[in-house]
Amino acid sequence: MKKIQMVDLKGQYDEIKDLVNTSILEVLETTAYINGPKVHQFQKNLEHYLGVKHVIPCANGTDALQIAMMGLGLKPGDEVITADFTFAATVEVIALLQLTPVLVDVNPDDFNISIEAIKKAITPKTKAIVPVHLFGQCANMEAIMEIAEAHNLFVIEDNAQAIGATYTFKNGKKAQAGTMGHVASTSFFPSKNLGCYGDGGAIFTNDDALAHTIRGIVNHGMYERYHHDVVGVNSRLDSVQAAVLDTKLPHLDTYNNKRRAAATQYDEAFKNIEGITIPHRNGDGDSHVFHQYTLQVKGIDRDGLVKHLNEKAIPCGVYYPIPLHKQKAYVDSRYNEADFPVTNQLVKDVISLPMHTELDAEQIEFITSTIIKFING
């Protein structure tokens, strides 16, 4: 059995090595390293894949989220509602822009932002909601958009973990994650389902005026060289990373289906094991692309299991061990512990297992049998 990786980037690269190398060499030959043809080509291809009018590439996923908020013209003190159970980048950019983060609890099954918690958190100062499509599964966008319309709020999708996921509305209409809100951000960090070989990100929107504003923001506020029309930042996707991403984009659906197949094998092994809750899949399953495969373990020594897996050379992760409302940077007297029962429990129970496109049946069998043996003593 080959060595188990949390994410096997080398194995994935080996499968498309010639294509990637050729694409990178084209950039080196043209020396168009910033805003070169490869960036524009990738942008157009991703717009077509997502069915969205505008993709604006940028330097990383955190920048993408910040720039999306800047583009909407949010002002210091405006309240932005988002999930307590997620990576810190989501709340980090809210704080950086001197907006007021309002953290709320999540669902116990899919770990995504709770609709009831959103409703309770809305005040006259609320201006936006940031749903995070956590671990690769779409949040309840239909309900979120209904709330936003009723209260005249912006919706900014944090799509860093769910590119390629498909959301199905009650009427049967389908939409790609990242195309339903007013604007969305994504990350192309190497371990993502669509990852580059460094940092990268993008913003998506169907709003022409907002797209125009954002294109200026990512490039020092310039639409014409040395003419700075808006306050901007320096956040551009370089051509080498765009070359990698454009090579990988045609494989994204295959990558996501491989992840789903691996998740199904995990599910089958764990479905009757007492104390283990397998990941919930909303709808027909297309809404989940398994950026992470995350179990809940109850009545089981989670930290002991982590130690045991590491001893068996099986990598794993705890995403996330501390709620955002308890992080030193984001502690706030406004928060009441009674409002976060799900998040406070999840941080004690969750464990994420290896998940990537190169996982094979033998590896998954070894991982699952090792866990089951630990549970059974």
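Scroll up a little and you will see the structure.
What counts, and where the lines are drawn
- Residues numbered from 1 in each chain as written.
- Predicted model: local features only at pLDDT ≥ 70, side-chain atom pairs only at ≥ 80, totals over all residues.
- Heavy atoms only, no water.
- Pairing = 2+ DSSP bridges.
- Helix = DSSP H or I, 4+ residues; strand = E, 2+ residues; numbered from the N terminus.
- Axes fitted to C-alpha atoms, helices over the stretch in contact; angles between N-to-C directions.
- Contact = heavy atoms within 4.5 Å.
- Buried < 20%, exposed > 50% of the residue type's maximum accessible area, 1.4 Å probe, protein only.
- Right-handed = clockwise from strand over helix to strand, strands pointing away.
- 1 Å grid on protein atoms, 1.4 Å probe; cavity = no way out; pocket = protein on both sides within 12 Å on 5 of 7 lines; lining within 4 Å.
- Points joined across faces, edges and corners; volume = space filled by probe spheres on them.
- Nonpolar A, V, L, I, M, F, W, Y, C, P; charged D, E, K, R; others polar.

(A) Quick peek at the sheet that holds strand β8 (residues 183–187). Across the sheet, which stays open at both edges, the seven strands sit in the order β1-β9-β8-β5-β4-β2-β3 with mixed pairing between neighbours. The two strands at the open ends of the sheet, each matched to only one other strand, are β1 (54–58) and β3 (100–104). Averaged over all pairs of adjacent strands, the angle between strand axes in this sheet comes to 25°, irrespective of strand direction. Its contacts with the sheet put helix α3 (residues 37–50) on β1 and β9 (201–205), and the angle it makes with β1 is roughly 135°. Across the sheet, helix α8 (residues 208–217) lies against β1, β8 and β9, angled at about 15° from β1, the strand it touches most.

(B) Summary view of the environment of Cys138. Within the secondary structure layout, Cys138 lies in the loop between β4 (126–130) and α7 (141–151). A relative accessible area of 2% places Cys138 in the buried class. Considered as a pair, Cys138 and Arg260 are 122 residues apart in the sequence and their alpha carbons are 14 Å apart. Aside from chain neighbours lying at most four places away, what touches Cys138 is Asn112, His133, Ala165, Thr166, Tyr167, Ala177, Asn282 and Ser287.

(C) Spatial organisation of the pairing of strand β2 (residues 79–83). For β2, a buried count of five out of five residues is recorded, marking the element as mostly surrounded by other parts of the structure. As judged from the five bridges shared by β2 and β3, these two strands associate in the parallel manner. Its bridge partner being in β3, Glu79 is matched across the sheet by Thr100. Handedness of the β2-helix α5 (residues 89–96)-β3 crossover: right-handed. Taken together, the four bridges between β2 and β4 define a ladder with parallel strand orientation. Considered in β4, the bridge of Glu79 is made with Thr126.

(D) Representation of the layout of surface pockets within the structure. Approximately 580 Å³ is the volume found for the largest pocket. The wall of the largest pocket is formed by 26 residues, among which Phe87, Gln161, Lys192, His291 and Tyr320 lie closest to the centre. Elements supplying a minimum of two residues to the lining of the largest pocket: α4 (61–71), α5 and β8. Take the lining of the largest pocket: its biggest share by element is three residues, from α4. Grouping the amino acids of the lining of the largest pocket by side-chain chemistry returns twelve nonpolar, eleven polar and three charged.

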